[in-house]
Amino acid sequence: MTWQPQPRTEVRKPAAPLSEAAFTLLVQGVLDYGIFMLDPQGYIISWNAGAERIKGYRASDIMGQHFSVFYPPEDQASGKPGWELETAVAEGRLEDEGWRIRKDGSRFWANVVITALWDENGVLQGFGKVTRDMSERRAAQHALIERRRLFDHLVQAQETERRRIAWDVHDDSIQAMVAVGMRLELLAQRVPEPHSAELLRLDATVREAVGRLRSLTFRLHPPGIDRHGLVDGLSSHVEDVVAGSWGMAYSFDHRLDHEPSPETAITIFRIVQEALLNVRKHAGASRVDIRVTSADRGVLTRVTDDGNGAPMSRDGARDHFGVIEMRERAETAGGWWSMDSRPGTGTTVEFWVPNPLPVPADTDGAP
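Residues numbered from 1 in each chain as written. Predicted model: local features only at pLDDT ≥ 70, side-chain atom pairs only at ≥ 80, totals over all residues. Heavy atoms only, no water.

Caption draft 1: Highlighting the overall build of the chain. From N to C terminus, the chain includes 11 helices and nine strands. The buried share of the chain, reckoned over its 367 residues, is 38%. As displayed, the chain has an accessible area near 21,700 Å², and 55% of this comes from carbon and sulfur atoms. (Helix = DSSP H or I, 4+ residues; strand = E, 2+ residues; numbered from the N terminus. Buried < 20%, exposed > 50% of the residue type's maximum accessible area, 1.4 Å probe, protein only. Areas by Shrake-Rupley, 256 points an atom, 1.4 Å probe, with all protein chains shown as cover.)

Here it is in structure tokens:
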């Protein structure tokens, strides 16, 4: 056995602790956090560059002033600054988010941590205070919430209009055409041939048109989605339409952490409905598989068929509009949509939409 030299393992000495001067330089140079100290009564005794950037005060302007100057008048009147120091003393630290005031009088949304500082004898020496400007994050949160509200209003308006059109078609057009069909049938019984046969053919044409209109009203406003939720609504739709009317085999797998909001459920339902309609029209498929699962704080949905894999838009603009509609619905909801269609292997439509939990708002409108 030949001896092989072993590589040396270098043992590093532990790094020297950061000196007090170096630590002070670190704190003073931080720009993203306002870091400063208060004496036991709440008067400012240190100030870093981050505090100057966030609050607008130079050290020479603010040193020696009480930290309550950063609080809006309503908080000063309620005694909030003093209460926060008392809480920090009682619990060791306090964290809070709320409005604070810059030197120029403008407000910003701040995250604040106040830590009580004690010496080795347990005597309170003051407080360390760290402030972060959260205005941009809060604005982004509000923008997302507002976008969600607008999306919800849009979906509700669309569904209301669809429902109105479905009712109008059912109560007006369909009823009128049914009456015409009955009259044609009666006339066919009273007139001789060949007029009778012609009237019966007209009657059959009217009945076919009535059937198409009823199918249209069902697509416009399928029963169940707004009463029973996404899973029951999709399950009923697939059972009635895919299996019942089209005679296709199917599977429906669902694993949701929580029921989507009505607007999200309707969005998912409509995209699946359009995907299934395209399968019926173009795929030449015998089976379709639908899977709805929770993923990445949203709902991931996949519709796969075993058809010919032909592009959905091959027959022109009308079908292309269906593809555009699916994509726009998903993207308007803040999600994405994709389609993988390959000849001989079928087509998969996949999309994801966010499914946030309801976000309560507090009294000052903060998320």
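Moving on, there is more to tell.
Caption draft 2: Here's a closer look at the side chain of E350. Tracing the backbone through its elements, the reader meets E350 in strand β9 (residues 346-354). Since its relative accessible area comes to 18%, E350 is described here as buried. Side chain to side chain, E350 and R302 meet in a polar contact 2.5 Å long. Every residue in contact with E350, bar those within four places of it in the chain, is listed here: L300, T301, R302, W336, W337 and S338. (Polar contact = N/O pair within 3.5 Å; in protein donor to acceptor, adjacent residues only side chain to side chain. Contact = heavy atoms within 4.5 Å.)

Caption draft 3: Representation of the sheet that holds strand β6 (residues 287-295) within the structure. The strand order across the open sheet formed by five strands is β5-β6-β7-β9-β8, and the pairing between neighbours is mixed. Looking at which strands have only one partner, the edges of the open sheet turn out to be β5 (249-255) and β8 (336-342). Ignoring strand direction, the axes of neighbouring strands in this sheet form an average angle of 10°. Examined bridge by bridge, β8 and β9 share seven bridges and lie antiparallel to one another. Opposite D340, over in β9, you have T348 as the bridge partner. Along the sheet, helix α9 (residues 230-245) makes contact with β5 and β6, crossing β5 at roughly 175°. (Pairing = 2+ DSSP bridges. Axes fitted to C-alpha atoms, helices over the stretch in contact; angles between N-to-C directions.)

Caption draft 4: Looking closely at the pairing of strand β4 (residues 124-133). Relative to β4, strand β1 (residues 34-38) runs antiparallel, the two sharing five bridges. Within the sheet, the bridge partner assigned to I35 lies in β4 and is V130. Bridge analysis of strand β3 (residues 107-118) against β4 gives nine bridges, and the strand direction is antiparallel. Note that in β4 the partner of W118 across the bridge is L124. Taken together, β3 and the strand that follows it, β4, pair antiparallel across an intervening segment of five residues, in which G122 is found at a positive phi of about 80°.

Caption draft 5: Fine view of the packing of aromatic side chains. Across all of its chains, the model carries six aromatic pairs by this definition. Residues F36 and W47 carry aromatic rings whose centres are separated by 4.9 Å and whose planes lie at 45° to one another, so their mutual orientation is tilted. Here W47 lies in the loop between β1 and α2 (49-55) and F36 lies in strand β1, a separation of 11 residues in the sequence. For the pair F36 and W47, one class covers both residues: buried. When the centroid spacing of 5.8 Å and the interplanar angle of 70° are considered together, the rings of F36 and F70 count as edge-to-face. One end of the pair, F36, is in strand β1; the other, F70, is in the loop between α3 (59-62) and α4 (73-78), with 34 residues separating them in the sequence. Three or more aromatic residues link up through ring pairs in this structure, and these residues are F36, W47, Y57 and F70. We note K55 situated over the ring of F70; from NZ or CZ to the ring centre the distance is 4.1 Å. (Phe/Tyr/Trp six-rings, centres within 6.5 Å; stacked < 30°, edge-to-face > 60°. Lys NZ or Arg CZ within 6 Å of the ring centre and 35° of its normal.)

Caption draft 6: Broad picture of the nonpolar core. Membership of the largest hydrophobic core comes to 36 residues, with the highest contact counts inside it found for V272, L276, I290, V303, W337 and F351. Put simply, the parts of the chain that give this core at least two residues each are α6 (135-190), α9, α10 (262-283), β6, β7 (298-305), α11 (317-332) and β9. Element by element, the count of residues in this core is highest for α10, at 11 residues. By size, the runner-up hydrophobic cluster in this structure holds 20 residues, among which are I44, Y57, F108 and F127. (Core = buried A, V, L, I, M, F, W, Y, C linked by side-chain atoms within 4.5 Å.)

Caption draft 7: Geometry of unusual backbone geometry. In this model, D296 sits at a positive phi of 50°, which is unusual for a non-glycine residue. Here D296 shows up in the loop between β6 and β7. Its identity as a non-glycine residue notwithstanding, R297 has a phi of 60°, on the positive side. Position of R297 among the secondary structure elements: in the loop between β6 and β7.

Caption draft 8: Structural detail: the environment of A110. Looking at where A110 falls in the secondary structure, it is placed in strand β3. Note on A110: relative accessible area 0%, which makes it buried. Sequence spacing of A110 and I54 is 56 residues, and the spatial spacing of their C-alpha atoms is 9.5 Å. If we ignore the near neighbours within four places in the chain, the residues touching A110 are D96, E97, G98, R100, T131, R132 and M134.

Caption draft 9: Molecular detail of the packing of α9 against α10. Taken N-terminus to C-terminus, the directions of α9 and α10 make an angle of 20°; their axes are 10 Å apart at the nearest point. Here α10 runs roughly parallel to α9, going by the angle between their axes. Handedness of the crossing formed by α9 with α10: right-handed. In this structure, α9 contributes L230, G233, L234, H237, V238 and V242 to the contact, and α10 contributes A265, I268, F269, V272, Q273 and L276. By residue class, the composition of the contact of α9 with α10 is nine nonpolar, three polar and no charged. (Parallel < 35°, antiparallel > 145°, perpendicular 65-115°, else oblique. Left-handed = near helix turned anticlockwise from the far one by under 90°. Nonpolar A, V, L, I, M, F, W, Y, C, P; charged D, E, K, R; others polar.)

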